[in-house]
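One letter stands for each residue in the lines below.
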Amino acid sequence: GLTWAVMLVVALGAVAFLSAPLRGRADEAGEPARASAARRERESVVAAIRDLDHDHETGKVSDEDYQAFRDELRARALALLREERQEQVGRDAAATRPPQCSACGAGWTLGHRFCGQCGAPLEAAAEGHEAHR
């Protein structure tokens, strides 16, 4: 009973986790999905919860085992969601960081041609920065 259910949940989670990169879905913006490890794992945990719900509904998992497994999987999914959101905050902060001079590291404003700190030319850096936005 319990051992079989644990093995089933682990196996289903592993299959979902390992197959996630092969699915190649597109996100809302139409770009290929480049999900973080936390997102891929969270998606596999959510799939495992769905499978566990189905197994409980069909009587393959007892009420006691179901509640324990579901609580554990739900806690893991929430932790992964928090981690995923932290990663997004980090990416957003990096995207809004002002550009820096490649010679001295001083910040500068787009449109400037030379670094105000060291005088290094900034044109190539400005073009590169705009391309990343």
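Whatever comes next refers back to the structure up there.
Calculation rules
Residues numbered from 1 in each chain as written. Predicted model: local features only at pLDDT ≥ 70, side-chain atom pairs only at ≥ 80, totals over all residues. Heavy atoms only, no water. 1 Å grid on protein atoms, 1.4 Å probe; cavity = no way out; pocket = protein on both sides within 12 Å on 5 of 7 lines; lining within 4 Å. Points joined across faces, edges and corners; volume = space filled by probe spheres on them. Helix = DSSP H or I, 4+ residues; strand = E, 2+ residues; numbered from the N terminus. Nonpolar A, V, L, I, M, F, W, Y, C, P; charged D, E, K, R; others polar. Core = buried A, V, L, I, M, F, W, Y, C linked by side-chain atoms within 4.5 Å. Buried < 20%, exposed > 50% of the residue type's maximum accessible area, 1.4 Å probe, protein only. Contact = heavy atoms within 4.5 Å. Salt bridge = Lys/Arg side-chain N within 4 Å of Asp/Glu carboxyl O.

**Student:** A description of empty space enclosed by the protein should follow, citing residues and the corresponding values.
**Tutor:** Rolled over the atoms, a probe as big as a water molecule pinpoints where empty space is left. Going through the model one piece at a time under the given rule, you end up with 1 cavity of 30 Å³ or more. Taken as a whole, the largest cavity encloses approximately 40 Å³ of empty space. Together, A5, L8, V9, L12, A48, D51, L52, D55 and V61 line the largest cavity. Residue assignment for the lining of the largest cavity shows that the elements contributing at least two residues are α1 (2–23) and α2 (37–57). Partitioning the lining of the largest cavity into residue classes produces 7 nonpolar, no polar and 2 charged.

**Student:** Summarise the nonpolar core; cite the residues concerned and give the values.
**Tutor:** Of all hydrophobic cores here, the largest spans 13 residues; its most connected members are V9, V45, L52, V61 and L73. Those elements that place two or more of their residues in this core are α1, α2 and α3 (63–96). Not counting the four nearest positions on each side in its chain, V45 is found in contact with L73, R76, A77 and L80. Membership of the second largest hydrophobic core comes to 6 residues, among which are W108, C115, A120 and L122.

**Student:** Just give me the short version of the pattern of salt bridges, but keep the residues and values in it.
**Tutor:** A complete count under the given rule lists 4 salt bridges for this structure. Note that R70 and D53 form a salt bridge whose closest N and O atoms lie 2.8 Å from each other. You can see R70 sitting in helix α3 and its partner D53 sitting in helix α2, a full 17 residues away along the chain. You can call D53 buried: its relative accessible area is 18%.

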